[in-house]
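# Understanding the architecture of this molecule
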Amino acid sequence: MGFDQFGIVITNRCTAACKFCGWRCSPKNHGVIELNMAKDAIDQAVSLGLTRRLGLTGGEAFLYPDLVRDILKYGRKKGYKVCSIATNGFWGGWSDEKIDAVLESLEDCCDLISFSYDSFHAEYIPEESIWHAAESAGRHGIKFHISVADVKGERGAGPFLASLSEKALKRSYDFYPLQQIGNAMDMPEEMFCRDLTREEVSCKGFGLFTLLYDGRVFPCCNPGIFDTDLYMGNIKETSLKDMLESSDVFKYMRLLCNKDYYRRLIIRAEETGLINVPEKVVSGCEICHWMFRDKKIADQIYPMLKELYQEMIVHNFLCKKEGE
């Protein structure tokens, strides 16, 4: 089938309303997944052999610690090898007793906690809360790392990390460039790290799919995709099996993840005037968002996708025959 990772966005509610949030999460939102729907989705995913990784995110997942626990325990029971949670770490401000009670309930079903912390999250989350939460996770045998959003200028990852206390030393970090989507549409152009040429970009989404709290399913976890036409269906109406077997989106993800064919698609879309790609971009995800966020544009790109996909399949078949 090709997919082996399953992401669940359990809520669009968050303790923060970050200026860059691609999902426009905030305390004013109240969408939250039903446990039975999450369990049913896991059952369906497992029946398709998708049991390598299960990841939960939001919004802020730890607003619903019991729900997080129940979903991850069910996923572990069903065979998921790696289970993780993404969080902003606000719960580091809880009492030690509450933190220990929640983390103890996750010890046998959570392998990794990813803390999102940067100059934007810091407007809402005190630094001490992050280290308190991270150190508590470590004490309960749960690995953790810090994900830092990067932009150009004084709000970038470098200046931000340099401003932190000594507790920030010797931690595990990963960095990702912000994309101009969601709330970030209002941020100045010059803040974005557009450092890659079209020859360097590709899609890295193939191999996972994401279930939103409202039942919608997408073939990627980049926040920008939820604002595009790359929609596979709603699990309330269609099984995952039917989505993966019949959706053209699933097939086309194979092409988007092929650097050469993705570049050829970009060139065709430019030549027909559908998109205008600058000399440098943030990522392949940014270009994908430009191509599929407007259904009128997407409908003109799909025929190009279909033609290139067929060409790619024939090419791969011939290469395989020659190698036999």
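Presented here is a report on the structure given in the accompanying data block. (Residues numbered from 1 in each chain as written. Predicted model: local features only at pLDDT ≥ 70, side-chain atom pairs only at ≥ 80, totals over all residues. Heavy atoms only, no water.)

Attention now goes to the pattern of salt bridges. Enumeration according to the criterion identifies 22 salt bridges in this entry. Among the salt bridges present, the one from arginine 194 reaches glutamate 286, with a minimum N-O distance of 2.6 Å. In this pair, arginine 194 sits in the loop between β6 (173-177) and β7 (208-212) while glutamate 286 sits in helix α9 (residues 284-292), placing the two residues 92 residues apart along the sequence. One exposure class covers both arginine 194 and glutamate 286, and it is buried. Among the ionic contacts, a cluster of salt bridges with common partners joins Lys19, Glu123 and Arg155. (Salt bridge = Lys/Arg side-chain N within 4 Å of Asp/Glu carboxyl O. Helix = DSSP H or I, 4+ residues; strand = E, 2+ residues; numbered from the N terminus. Buried < 20%, exposed > 50% of the residue type's maximum accessible area, 1.4 Å probe, protein only.)

Judged by how many residues are buried, strand β2 (residues 53-57) sits mostly within the fold: 4 of 5 residues are covered. Examined bridge by bridge, strand β1 (residues 5-9) and β2 share 5 bridges and lie parallel to one another. Each residue of the ladder has a partner; that of valine 9, found in β2, is threonine 57. As for the winding sense of the linkage, the β-α-β connection from β1 through helix α1 (residues 35-47) to β2 is right-handed. (Pairing = 2+ DSSP bridges. Right-handed = clockwise from strand over helix to strand, strands pointing away.)

What follows covers α1. With 13 residues, α1 should reach 18 Å at 1.5 Å per residue; the first-to-last C-alpha distance of 18 Å fits that figure. Those residues of α1 not exposed but buried are Met37, Ala38, Ala41, Ile42, Gln44 and Ala45. Buried residues of α1 fall within an arc of 165° about the axis and therefore sit on the same side. Seen from the open side of α1, the exposed residues pointing more than 90 degrees away from its buried face are Asn36 and Ser47. Here the buried face of α1 lies against β1, β2, α2 (65-77), β7 and α6 (240-246). Downstream of α1 by a residue or two, glycine 49 has a phi angle that is positive, lying close to 85°. (Expected span 1.5 Å × (residues − 1). Arc of directions from axis to C-beta. Contact = heavy atoms within 4.5 Å.)

A separate point is the nonpolar core. If you look at the biggest cluster of nonpolar residues, it comprises 96 residues, and the most contacted ones within it are Phe6, Ile8, Ile33, Leu72, Trp91, Leu106 and Ile287. It is helix α10 (residues 295-323) that provides the largest number of residues to this core, a total of 9 residues. Leaving out residues up to four positions away in the same chain, isoleucine 287 has contacts with Val201, Tyr262, Ile266, Ile275, Val277 and Val281. By size, the runner-up hydrophobic cluster in this structure holds 15 residues, among which are Cys25, Ala184, Met187 and Val282. (Core = buried A, V, L, I, M, F, W, Y, C linked by side-chain atoms within 4.5 Å.)

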